[in-house]
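Chains, contacts and geometry: an overview
Here's the letter readout for the chains.
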Amino acid sequence: MRDYKELQAKLAKAGYIAEESLAMALTLATEIHRPLLLEGEAGVGKTDIARALAKLLGTRLIRLQCYEGLDANATLYEWNYQRQLLSIRAREATEGADSAETLENHIFSEEYLLRRPLLEAISQLEPPVLLIDEIDRADEEFEAFLLELLADYQVTIPELGTIEAVSIPHVVLTSNGTRALSDALRRRCLYSWVDYPDAEKERAILAARMPEIDDELARRIVGFVQQLRREELEKVPGIAETLDWAMALVGLKVEKLEDNLDLLQASLICLLKTEADQRAIAPEVTQRLMGKVA
Amino acid sequence: MAEPGENGVLPEPPEPPGPRERMRGFIAHLRLNGFTLGPSETALSLDIVRRLDRPTPDGVQAALKVALCGNREDWDRFDTLFRAYWFGEGVRRANILRGENTSTPKRARPALWDKVLPPEDRAGRPIGGAAQATNASDGEEDAEAPSAPHRIAADRRDSLFKTDLREISAKEDIAEAERVAESLARAMRYRLSRRRKPSARGRSLDLRRTIRRNIAHGGEPVDLLKRTRPDRPVRIVVLLDVSGSMKLYSRYFLLFVRGLLCRWMRADAYLFHTRLVRVTDALTDKDPFRALAKLSLMIEGFGGGTRIAGALEDFNTRYAKQAIDSRTVVVILSDGYDTEAPEHLARELKRLRTRARRIVWLNPLLGWKDYEPVARGMAAALPHIDHFSAANSLQALAALEPELAAL
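Below: a short report on this structure. (Residues numbered from 1 in each chain as written. Chains lettered and ligands numbered in written order. Predicted model: local features only at pLDDT ≥ 70, side-chain atom pairs only at ≥ 80, totals over all residues. Heavy atoms only, no water.)

1. What to know about the sheet that holds strand E1 (residues 36-39) of chain A
What the five strands build is an open sheet, ordered E2-E5-E8-E1-E9 (chain A); its pairing is parallel. Strand pairing shows two members of the sheet lacking a second neighbour, strand E2 (61-65) and strand E9 (190-193) of chain A, which therefore form its edges. The average undirected angle you get between the axes of adjacent strands in this sheet is 20°. Relative to E9(A), E1(A) runs parallel, the two sharing four bridges. Within E9(A), the residue paired with Leu36(A) across the bridge is Leu190(A). Packing of helix H2 (residues 20-32) of chain A onto the sheet brings it into contact with E1, strand E8 (170-175) and E9 of chain A, and relative to E9(A) it is tilted by some 165°. Lying over the sheet, helix H4 (residues 72-87) of chain B contacts E1 and E9 of chain A, oriented at roughly 85° with respect to E9(A). (Pairing = 2+ DSSP bridges. Helix = DSSP H or I, 4+ residues; strand = E, 2+ residues; numbered from the N terminus. Axes fitted to C-alpha atoms, helices over the stretch in contact; angles between N-to-C directions. Contact = heavy atoms within 4.5 Å.)

2. So, a negative patch on the surface
On the surface, a cluster of negative charge is made up of Asp214(A), Asp215(A), Glu255(A) and Asp259(A). On the secondary structure map, Asp259(A) appears in the loop between helix H12 (239-251) and helix H13 (261-267). (Patch = residues over 30% accessible without salt bridge, like charges linked within 9 Å, V, L, I, M, F, W, Y side chains within 5 Å. Areas by Shrake-Rupley, 256 points an atom, 1.4 Å probe, with all protein chains shown as cover. Salt bridge = Lys/Arg side-chain N within 4 Å of Asp/Glu carboxyl O. Lys, Arg positive; Asp, Glu negative; His and termini not counted. Charge placed at Lys NZ, Arg CZ, Asp CG, Glu CD.)

3. Digging into a nonpolar patch on the surface
Residues and elements named next belong to chain B. The grouping of Leu205, Leu207, Ile211 and Leu224 at the surface amounts to a nonpolar patch, some 390 Å² of accessible area in total. Residue position: Leu207 is located in helix H11 (residues 207-213). Look at Leu207 and you get exposed, because its relative accessible area is 53%. (Buried < 20%, exposed > 50% of the residue type's maximum accessible area, 1.4 Å probe, protein only.)

4. Here we look at the interface of chain A and chain B
Opposite the 29 residues of chain A that make contact, chain B presents 31 residues. Summing both sides of the interface, chain A and chain B together bury roughly 2,700 Å²; the carbon and sulfur share of this comes to 52%. The tally of links between chain A and chain B comes to three salt bridges. Here Arg187(A) ties to Glu41(B) by a salt bridge, and the two come within 2.8 Å at their closest N and O atoms. (Buried area = accessible area lost by both parts, 1.4 Å probe.)

5. Let's talk about helix H15 (residues 283-293) of chain A
All names here are of chain A. Those residues of H15 not exposed but buried are Val285, Thr286, Leu289, Met290 and Val293. Angularly, the buried residues of H15 cover 140° about the axis, an arc narrow enough to put them on a single face. Buried residues belonging to H15 abut helix H11 (215-230), H13 and helix H14 (275-280). (Arc of directions from axis to C-beta.)

6. Things to note about the nonpolar core
Residues and elements named next belong to chain A. In terms of nonpolar packing, the biggest core is built from 84 residues, with Ile132 and Ile135 touching the most fellow members. With eight residues, H2 is the single largest residue contributor to this core. The residues touching Ile132, leaving out its near neighbours within four places in the chain, are Leu64, Cys66, Leu118, Leu146, Val171, Val172, Leu173 and Thr174. Residues Ile213, Phe224, Val225 and Ile281 belong to the second largest nonpolar core, which totals 31 residues. (Core = buried A, V, L, I, M, F, W, Y, C linked by side-chain atoms within 4.5 Å.)

Quick look at the structure:
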């Protein structure tokens, strides 16, 4: 098995700064072909992991966004009904002598099959990264269905027969914990809890994404966000928010955070995404947090 | 199987067992601490260790952590458990951690703890901090029940399920109870919403109606008819007594109600003691813990005797009109001890009865062994309620389902 440190370094090169435990999880997942379940707060970069992994492996990323009411039709396949109808009509008009069986075989061939993400993922020559995003939003039936697919990597389509996986995709599932996932799914997957990054790691992320940023400013920005996460907020700012804010500050040509406190306060809209949070972080609070950073 | 000795530190076994045995022991050790693991995980772990190029303790630890954890609790506790088993660091670490966490009620009140947990399933409690708490005592328990590691995982949920909510007090237990309540409520919600009805904008095809409609087109499906889950919000109005002993129950019940909230099920909650307060807004806070904290603050603010009838009158005059429609279940959680005339209570319940679909009265005291509804208020109320039951355990809450499903 490859060394996980190697993967960690490669991920860093691909622009994703990963914890050691996460690098280990990804190494194992690619090695023993088990799905990897990532849990953590919104905004800690779970989805990006899959993206970085796809980039690193040089394969496609196939994404399935889950939502309530998602069913097998939307995730596996659907027949292209309109084309089927047209085809029937066209044949009736031209030849008129096709046997019913030939016609049926024709319209239920792969040509008329619309592949949805899950079927797409198992029919690639090169194993892609399959990202099943926010699995906790889908219903329990879908979870059970997914389990079946992840166990056998084959799909049965009544009209076509069983389609076996051409290659086994690297599966990454993410969850925000809005619903408790079944033990069966958890057991089937490798697991990793993704936390907010510590200051050092967040600085590294910032440096990787915005190489032009001044070191001292980056340190302040990260320090401030880290302090802010300890406040009681409805929506704790994630990494994406930190990056947005940093970009905003650079765009506003702020060189030192404490230079222009009004501007700083105004720019907090990048970090605070609800009205209650914006009210909670009043200018005095901002100053207190700034004091801790300096 | 390698079993930790009496002091929690692994004794050197007479003959060094093979890695397979050691790994099996480790899996059993984790299972005792509430991990959901089976024999296939033993094989998986061995496979992973074999695959590691240059296995270092840290590397093995990280790899097994990924493979064997299933949720965040497991994730947070794994490192301690790993080091306890393979390096015998259990006792020392446990003591340090115990020192750090003395503020949690579990350790502050061991006597109560014993009452809640029958001795035989102590080892498998689903407590978040179980690693620290049980490491030191793992030895004895392992020795007591070496043959029943499988049972324990099943037992723990069950026992918690039946425990009187009043007796659950450890922080970790509360969290577990809350989860169970929420998942129960969610399960109920799901069952209630299965039926579909015709709709212009549904997601799934209504095949039967489509065919019927298209007979006029010679069977060609031109008009597609669809169906969807019905959008008929069900409402639940909860009136919670927050006097003295009822406080604890109200807390769980609110959590239960929280789990019910969704697009098509609305819940309205009111607290009463000597007066009535609407708390729906606090209930809908996105963060469950903050919601509970808010509610706890509200609950603490009350004082004096209970006025159930007065509170109901208040509700009937001020809120009932908007809060109640013909599909509303009113749930009252109270012990029925009223300081006012029972006739008053009967009158108000009757008024409420005309508006609401059902009235469910939950009396946690009913779950106690020797309780008879002798409180005068309770006796007067009985003729006017549709369903009277205990709500003192999660099981009793689960039994509510048919009441709500009967809508």
